[in-house]
Amino acid sequence: MKQFSLTFFLLFFAFSFFAQTGLLSGKITNAANGTLVSPAKVNIVELQLFKAVDLEGRFSFNNLAPGIYTIKVTAPGFQEKVQSEVLITNARPTELDVELEEKVQTAKDVKVSAAPFQRKVESPNSLKTLSATEIERLPGANRDVSKVIAALPGVAARATFRNDIIIRGGSPGENKFYLDGIEVPNINHFATQGSSGGPVGLLNVNFIREVEFYSGAFPANRANGLSSVLSFKQKDGNKDALITNFALGSSDAALTFDGPLGNKGDFIFSVRRSYLQFLFAALKLPILPTYNDYQFKFNFQLTPKDKLSIIGLGALDQFGLNADVNNGLTDTNQIKYNNFILGNLPMQGQWNYTMGAVWQHSSKSSIQTVVASRNMLNNRAYRYKDRIEEPQNLLQDYTSFEAENKFRFEHTYLKNGWRWNIGVGYEFAKYFNDTYQKLTIFIEPAIIDFQSELNLHKYAAFSQLSRAFWNERIRLSVGVRADGNSYSTQMRNPFKQFSPMFSASYRLTEDWAINTNIARYHQLPAYTILGFRDPAGTLVNAQNGVRYIQADHFVLGTEYLLKWNARVTLEGFYKKYNYYPFSLKDSISLANIGSDFGVVGNEAVSSTSNGRSYGAEFLYQQKLYKGFYAVLAYTWVRSEFQDKNNNYVPTAWDSRNIVSLTGGKRFKNGWEFGMRWLYSGGAPYTPYDIATSSLTANWDVNGIGLLDYTQLNSARESSFHQLNVRVDKKLYLKQFNMNFYLDIQNLYAYKAKLAPILLVETDANNQPVLVPDDPTRYQTKLIENPSGIVQPTIGIIIEFVTKKARLKTARGKVTDKS
């Protein structure tokens, strides 16, 4: 440790004398048709350094000191655009391509100042954006995109190690993810099938240029979301040099390469391997997760008007058990809890991938986009009684895969302030399920044993028309979408899933606007629900009349822009749910399920559950300004669904009060400090039916306590809060960058009290103990379930040029850098 500290100090001391310079280059294009814009001016705000683009719309700044800059672009006839937090380093020539929107021609020219926050006509509210630097520096996130989202309003933080994204009181299964316009079913490792959560993020932050987070006002061309749509925009590969990036973080090691492919192409590729299993073993945890992933993107500029992008994302996850977890332990309750986990957690293996291509063609006043992709998830889980793998001990054996082949065509027309997006989509989906499970129903042994194969054709059409009026004071957008599929007569008719949407924004002053959105959205239930069959092979839920889930959104808010790269927003929202899947076995809405490992929806349901969530959000967001940045988000939310008696009761996502306070300071010489404080009200949970659970006939088969759904979500966990801090030191050398960081999660070691765990008493041989006067029951006890430890991480990121850089001049000529 002393040697490491000494090396760390010497590196800081020696490298601090290097003061190198970087390169920023790029082009300015018309967002309407992709043509290059000239004349135009590019301003590096912090340096007050101006440059005019050349006749081809290109610009170049040489000899820039490494750091973070704000870029402002102006051009006659176009709206100003501000690009905040552009990173300049020595190892990576920075390429910045900026799209400008044409001004609406009016009789009176009204000044509209550029701001570092997006204002989309289609989504005037409920849209937040995060840059790559904001994602990387967030304390406690450890460069995990899924954890970063929790810093935004409306997103609940949970006292678990999972990345369940809970938006405005909706379940984790109500979120949709897009990567460069290609839908990705899940962005987490160890994904919960039928939902969207998992413990570790799948996306490599080195790829992310920007994240658009919609908690409402979804665009018409984005399908199947009820609570949020997250659109990830990836970086292009470096066009001037081959760059290597190595990152060592809290749970994995990553290696990323990017660079040019000839004169018209570029690429970026990465692989990651976890060492989380070693960390969990050192912490004496009963589970040993291992994950691997890869990610790539290839770009080809086929012609000045045609661009082809090919992307890929894949993961291989394995869930093992730590059989030696109790070695050296003396805490009796901890030993019994570990034995409980080891005896009831299935062994699990999972792999998935998404691959696709996006072709974009620019015409005079329009852009045509063709998207084709394929994604697949394969899931296997099995469990044996007492972990003795003999046929007679088999309790659960589950094998499933989901595969989707997708095609989408979009035509976007932009002229004189009008924006019209129209398109169609088609999917062919294939689902397979082989389930064997022993359980008890009212103490009677039962076996679920079936195979299911399902082929599904899905189709959609959408259109959205937007324009600004009255000197851009009023912005209006109206959209429609219709979805259908071949599953049932109900679902075949797309007009049964007709989704209208309307957005409006009125700008009271240059900096102050009132925004609203009213919309209806539909989401297809999970394949686990659609493919469930009885032993006779009947599609049970097709007979039960299962249909698309419907949610109506009503949002009203205001936004005020401040002069110091900051804004304040206040929004109220109301969501009304209809036709949610309702479990016929447990008599509860599946809106309460999805925050645990395993599978959601592999059972008989009916589309009869109704619910609502409503609340208000406050956000203060300050982009980097004079070295400071800050985000304060507060949400008050209520989430309720009807129980079997049609009474509204809180859902498992009813956190009520959510606070996220993030702030930091960039100092000179590459130092940065950040902190983040989180608070979330206690989540509801359902108590155990101890009398039924203790019956030997039940416990011997199920191995876990049975919940008392007559008391659905009648208890609450304790509130959750924690403080995360992070310190970074960046070193900029000649064609070489290093970033050392110390990240500490839960600095003051707060332990939240989660729902207690029901166990049976065991003897010295770990065998259940019977009730003395009732041999049909085991002795039971509830043990506390605290969550929260201090988690320090020392990380390092190294980036360097592995092939001599080539610098582009303003006119695009290439020269070698000596």
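Here's what I pulled together on the structure shown here. (Residues numbered from 1 in each chain as written. Predicted model: local features only at pLDDT ≥ 70, side-chain atom pairs only at ≥ 80, totals over all residues. Heavy atoms only, no water.)

**Concerning the packing of aromatic side chains**
In this description, an aromatic ring pair is defined by two values, namely the gap between the centres and the angle between the planes. This is how it is decided: Working definition: rings of Phe, Tyr and Trp (its six-membered ring) pair if their centres are within 6.5 Å, and the pair is stacked with planes under 30 degrees apart, edge-to-face with planes over 60 apart, and tilted otherwise. Only protein chains enter the area calculation, which uses a 1.4 Å probe; residues under 20% of their type maximum are buried, those over 50% are exposed, and those in between are partly exposed. A run of H or I in DSSP becomes a helix once it reaches four residues, and a run of E becomes a strand once it reaches two; helices and strands are each numbered from the N terminus. Here, a charge over a ring is recorded when the distance from Lys NZ or Arg CZ to the ring centre is within 6 Å and its angle to the ring normal is within 35 degrees.
All chains considered together, the criterion is met by 21 aromatic pairs. Seen in terms of ring centroids, Trp677 and Tyr679 are 6.2 Å apart; in terms of plane orientation they differ by 20°. Their pairing is stacked. A relative accessible area of 28% places Trp677 in the partly exposed class. On the numbers, 6.0 Å between centres and 20° between planes, the contact of Phe736 with Phe800 is stacked. Placement of the pair is Phe736 in strand E40 (residues 736-745) and Phe800 in strand E45 (residues 791-801), with a sequence separation of 64 residues. Site record: aromatic cluster; members linked through ring pairs are Phe267, Tyr294, Phe296 and Phe298. The ring of Phe61 has Lys51 sitting right over it, with the charged end atom 5.5 Å from the ring centre. Directly above the aromatic system of Tyr648 lies the positively charged group of Arg612, at a separation of 3.8 Å from the ring centroid.

**Quick look at the sheet that holds strand E15 (residues 208-214)**
So the rule is basically this: DSSP-based pairing: two strands are paired if at least 2 bridges between them are found. Axis lines are fitted to C-alpha atoms, over the contacting stretch for helices. Their N-to-C directions set the angle, which ranges from 0 to 180 degrees.
If you trace the five strands from one edge of the open sheet to the other, you get E8-E15-E16-E11-E12, paired in mixed fashion. The sheet is open, and its two edges are formed by strand E8 (127-131) and strand E12 (182-184), each paired on a single side. Across the sheet, the axes of successive neighbouring strands diverge by a mean angle of 25°, strand direction being ignored. Pairing of E15 with strand E16 (residues 228-234), which is carried by six bridges, proceeds in the antiparallel orientation. Bridge pairing links Ile208 to Gln234 in E16.

**Here's the deal with the environment of Gln497**
How we decide: Residue contacts are defined here by distance: any two heavy atoms, one from each residue, within 4.5 Å place the two residues in contact. Polar contact is defined as a pair of N or O atoms within 3.5 Å, subject to the rule that within protein one atom must be able to donate a hydrogen and the other to accept it, and that residues adjacent in sequence are counted only when both atoms are side-chain atoms.
Following the sequence through the fold, Gln497 ends up in the loop between helix H6 (489-492) and strand E28 (498-507). Assessed through its relative accessible area of 1%, Gln497 is described here as buried. Apart from residues no more than four positions distant in its own chain, Gln497 is found in contact with Arg481, Ala482, Asp483, Gly484, Gln490, Met491, His522 and Tyr548. Polar side-chain contacts of Gln497 include one of 2.7 Å to the backbone oxygen of Asp483.

**With respect to unusual backbone geometry**
The linkage connecting Ser38 with the following residue, Pro39, adopts the cis geometry, with an omega of 5°. Mapping Pro39 onto the fold places it in the loop between strand E1 (22-30) and strand E2 (41-44). Positive phi, normally seen in glycine, also occurs at Ala217, with a value near 55°. By secondary structure assignment, the location of Ala217 is in the loop between E15 and E16. For Asn565, which is not glycine, the phi torsion reads 55° and is therefore positive. Mapped onto the elements of the fold, Asn565 is located in the loop between strand E30 (549-562) and strand E31 (566-583).

**Let's talk about the pairing of strand E3 (residues 49-52)**
Two elements, E2 and E3, share four bridges in a ladder whose sense is antiparallel. Following the sheet pairing, Asn43 is matched in E3 by Phe50. Taking the residues between adjacent antiparallel strands as the criterion, E2 and E3 are bridged by four residues, where Gln48 takes a positive phi near 50°.

**Digging into the sheet that holds strand E7 (residues 94-100)**
As summarised here, the arrangement of the three strands in space is E4-E1-E7, forming an open sheet in which the pairing is mixed. Every interior strand has two partners, whereas the edge strands, strand E4 (58-64) and E7, have only one. Averaged over all pairs of adjacent strands, the angle between strand axes in this sheet comes to 20°, irrespective of strand direction. In terms of strand pairing, E1 meets E7 through seven bridges, oriented parallel. Of the residues in E7, the one forming a bridge with Gly26 is Leu96.

**Some thoughts on the nonpolar core**
Threshold: For this analysis, a nonpolar core means a set of buried residues of the types Ala, Val, Leu, Ile, Met, Phe, Trp, Tyr and Cys, connected via side-chain atoms within 4.5 Å.
Ranked by internal contacts, the top residues of the largest apolar core, which has 31 residues, are Ile135, Ile149, Val155, Leu179, Val211, Phe213 and Phe232. Within the residue set of this core, elements represented by two or more residues are helix H3 (145-148), strand E11 (175-179), E12, E15, E16 and strand E21 (306-321). The residues touching Phe213, leaving out its near neighbours within four places in the chain, are Ser126, Leu127, Lys128, Ile149, Leu152, Pro153, Val155, Ile167, Ser228, Val229 and Leu230. Formed by 20 residues, the second largest nonpolar core is a distinct cluster that contains Val53, Ala75, Val86 and Val98.

**Quick word on the side chain of Ser251**
Among the structural elements, Ser251 can be located in the loop between strand E17 (243-248) and strand E18 (252-261). Discounting residues that sit within four places of it in the chain, Ser251 has contacts with Ser274, Tyr275, Leu276 and Tyr291.

**Topic: the pattern of salt bridges**
The condition that has to hold: Here a salt bridge means any side-chain nitrogen of Lys or Arg lying within 4 Å of a carboxyl oxygen belonging to Asp or Glu.
Within the structure shown, the criterion is met by 42 salt bridges. When the shortest N-O distance is used, the salt bridge between Lys406 and Glu183 registers 3.2 Å. Highlighted residues: Lys406 in strand E24 (residues 394-415) and Glu183 in strand E12, separated in sequence by 223 residues. The burial state of Lys406 is the same as that of Glu183; both residues are buried. Here Arg726 ties to Asp728 by a salt bridge, and the two come within 2.8 Å at their closest N and O atoms. Three or more residues are tied together by salt bridges with common partners; here these are Asp180, Asp236, Lys239, Asp266, Lys297 and Lys307.

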